Amino acid sequence: MNKKILLTVLILGCFLSTLNQTLLNVALSNLMEVFTVSATTVQWISTGFMLVNGVLIPITAYLMKRFSTRQLFISSMLFLLIGSILCAVSPNFAILLTGRMIQAIGAGIIMPLLMSVVMFIFPPEKRGSMMGLMGLAIIFAPAIAPTLAGFVIEYYSWRWLFIGIIPFVVIVILLAMKYLVNVTGTEKAKLDIVSVILSTVGFGLILYGFSNAGSHGWDDKIVLASILVGVLTIAVFCHRQIKSADPLLNLSVFNYKVFTLTSIINIFVTMMMYADMILLPIYLQNGRGFSAFDAGLLLLPGAIINAFMSPVTGKLFDRFGAKPLFIIGLIFIIPSMWVVTDLTESTTFIFLMVRTIFLRIGLSFITMPLNTAGLNALPKILVTHGTAVNNTVRQIAGAIGTAVVVTVFTAQTTKHAETLLEETPNATAEAVRSLASIFGSSDAYYFMTILAIIAFVLTLFIPSKAKMKQSS
């Protein structure tokens, strides 16, 4: 088996999948105008994608038992292709959203698959470097996505965001057919349909509740009922997994302290990361009147640095372990969140760019080492379940983080708009809207600063590399 060719094909597929996931973040304002939908509705382009991902990922442990690496990878690329074609020709918002959901099925399969392959074909002492290399592809995609999307929206049509991806997906499918080999054996596994329904309904309702809290308010009966029923359904799902002899998602991974801790930190870090990727473009475009291309350019340097730091932090992880890396990362992240809690209409472009570079350096010390540390703590038999749990946690956290931040932003923007109208009755509606949007963004960053501080406290409980060696 040629590990290099195998990894290259998988990473190319993963790159396209991740690129596609983040491509529309700076296009949301544009799509609101094109389809005349509200901010809460258009947010489903991101939230819906993550929801399908989050719902599908628990099933990947089963899929990896049942189907070969080759079958799963080619299937995921075909979903990406069909979804992209549907999005490219979509005449209305409903069809666009359907296309995104189909793309998300492909994305939901590929990330856990790639992580599991790395854990199976490399020994523990090389996994950090390999995950770091994988991180380069996973992080480089969101790095170029905003600028690329901004450029396409500015000079062409948003449809080209999907048309452009199609030929590359076709090439990856052809490469996979020629070069991809199977890494793990298959077995006749039985799918627990009840568990699939429970996880789908549970995660779906929780996400629906959080997403609608922005427009309907937290005291809305449907919002509260959705979240409550969703949480109860997930509790039933978890109980079923614990009792089952062959669970859909093996929750015994949480018996390993390091895995549990890294999963919780993962929730906070992911919430911040996704929320920032949504919030900053909203502030720049709605509050400051920057174009989508400008918003993309601002995010580019930090994201490129993040991508190229990933292999470096992977090597550092293999040498020093997880704890020092997490602490360094959060020392960068906390101030990066705090400095944007007082955004104004004169906050400079360069200041925001430098701040985003600091944030991204911090994230590069955390994102891939976090996954590697958690999975290294598990025995090989639980690795596929570990990757499934890891990715489920990340997708749901990203979706809830986005939903909560947009909720905070929407609620605070409305509140500030009312105050501004009272204080300055002669101001134009446009000026009030822009200023309220800026203040709303600042308030949302207070919430994210608190998340960063909680994550920092949790990292102090992670054992050092020497202690982890002793315990293993």
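A brief look at the structure comes next. Each residue is numbered by its place in its chain's sequence as written, counting from 1. The model is predicted, so local features are restricted to residues of pLDDT at least 70 and side-chain atom pairs to those at 80 or more, both for listing and for counting; the totals for chains, interfaces and linings are taken over all residues. Hydrogen atoms and water are omitted, and side-chain values are computed over all heavy atoms in the structure.

**Description of helix H11 (residues 221-243)**
In this description a helix means any DSSP run of H or I spanning at least four residues, a strand means any run of E spanning at least two, and both kinds are numbered starting from the N terminus. Take the residue count of a helix, subtract one, and multiply by 1.5 Å to get its expected span. Across its 23 residues, H11 extends 33 Å between first and last C-alpha, which sits within 8% of the 33 Å expected from 1.5 Å per residue. For each residue, the accessible area found with a 1.4 Å probe, counting protein chains only, is set against the maximum for its type, and the residue is called buried under 20%, exposed over 50%, and partly exposed in between. Restricting attention to buried positions, one finds in H11 the residues Val223, Ser226, Ile227, Gly230, Thr233, Ile234, Phe237 and Gln241. Any pair of N or O atoms that falls within 3.5 Å is considered a polar contact. Within protein, one atom must be able to donate a hydrogen and the other to accept it, and sequence-neighbouring residues count only if both atoms are side-chain atoms. Sitting at the amino-terminal end of H11 is Asp220, which places a side-chain oxygen 3.1 Å from the backbone nitrogen of Ile222.

**Some points on the packing of helix H5 (residues 69-89) against helix H9 (residues 165-179)**
Axes here refer to lines fitted to C-alpha atoms; in helices the fit is confined to the stretch in contact. Angles between the N-to-C directions go from 0 to 180 degrees. Viewed as axis vectors pointing N to C, H5 and H9 meet at an angle of 165°, and their least axial separation amounts to 10 Å. The angle between H5 and H9 falls in the class roughly antiparallel. Considering only the axes of H5 and H9, their crossing is left-handed. Contacts between H5 and H9 involve Arg70, Phe73, Ile74, Met77, Leu78, Leu80, Leu81, Ser84 and Ile85 from the first element and Ile165, Ile166, Val169, Val170, Val172, Ile173, Ala176 and Met177 from the second. Gly is placed with the polar residues, together with every amino acid not listed as nonpolar (Ala, Val, Leu, Ile, Met, Phe, Trp, Tyr, Cys and Pro) or charged (Asp, Glu, Lys and Arg). Split into classes, the residues belonging to the contact of H5 with H9 amount to 15 nonpolar, 1 polar and 1 charged. In these notes the angle categories are as follows: under 35 degrees is roughly parallel, over 145 is roughly antiparallel, 65 to 115 is roughly perpendicular, and the rest is oblique. Each helix crossing is assigned a hand: it is left-handed if the near helix lies turned anticlockwise from the far helix by less than a right angle, otherwise right-handed if that turn is clockwise. We call two residues contacting when some pair of their heavy atoms lies within 4.5 Å.

**So, a nonpolar patch on the surface**
Side chains of Phe151, Tyr155, Tyr156, Trp160 and Ile163 sit close together on the surface and give an oily, nonpolar patch of about 560 Å² of accessible area. Only helix H7 (124-155) and helix H8 (160-163) provide two or more residues apiece to the nonpolar patch. Of note, Phe151 is situated in helix H7. On the basis of relative accessibility, which here comes to 35%, the residue Phe151 falls in the partly exposed class. Patches here: salt-bridge-free residues with over 30% relative accessible area, like charges joined within 9 Å, nonpolar side chains (Val, Leu, Ile, Met, Phe, Trp, Tyr) joined within 5 Å. Note on areas: Shrake-Rupley, 1.4 Å probe, and residue coverage restricted to the protein chains presented here. Any carboxyl oxygen of Asp or Glu that lies within 4 Å of a side-chain nitrogen of Lys or Arg is treated as forming a salt bridge with it.

**What to know about the nonpolar core**
To qualify as a nonpolar core, a set must consist of buried Ala, Val, Leu, Ile, Met, Phe, Trp, Tyr and Cys residues joined through side-chain atoms within 4.5 Å. Phe73, Leu96, Leu161 and Ile333 are the most contacted members of the largest nonpolar core, which has 147 residues in total. Residue contributions to this core peak at 15 residues, all from helix H12 (residues 257-287). Each residue touching Phe73, except ones within four places of it in the same chain, is listed here: Val9, Leu10, Gly13, Ile110, Leu113, Val172, Ala176 and Leu180.

**Notes on the packing of helix H14 (residues 322-338) against helix H15 (residues 349-364)**
Look at H14 against H15: their axes get within 7 Å of each other, and the N-to-C directions meet at 150°. Looking at the two axes, H14 sits roughly antiparallel to H15. Between H14 and H15 the crossing geometry is left-handed. Taking contact as the criterion, the partners of Gly329, Phe332, Ile333, Ser336 and Met337 in H14 are, on H15, Arg355, Phe358, Leu359, Ile361, Gly362 and Leu363.

**What to know about the packing of aromatic side chains**
Think of it this way: a Phe, Tyr or Trp ring, Trp meaning its six-membered ring, pairs with another when their centres are within 6.5 Å, and the plane angle makes it stacked under 30 degrees, edge-to-face over 60, tilted otherwise. Considering all chains together, one arrives at 5 aromatic pairs under this definition. Taking the centre distance of 5.4 Å and the plane angle of 55° together, the rings of Phe290 and Phe349 count as tilted. Highlighted residues: Phe290 in the loop between H12 and helix H13 (292-320) and Phe349 in helix H15, separated in sequence by 59 residues. For Phe290, a relative accessible area of 24% translates into the label partly exposed. Ring plane angle 40° and centroid distance 5.6 Å describe the contact between Phe332 and Phe358, whose orientation is recorded as tilted. Here Phe332 is found in helix H14, whereas its partner Phe358 is found in helix H15, with 26 residues between them in sequence.

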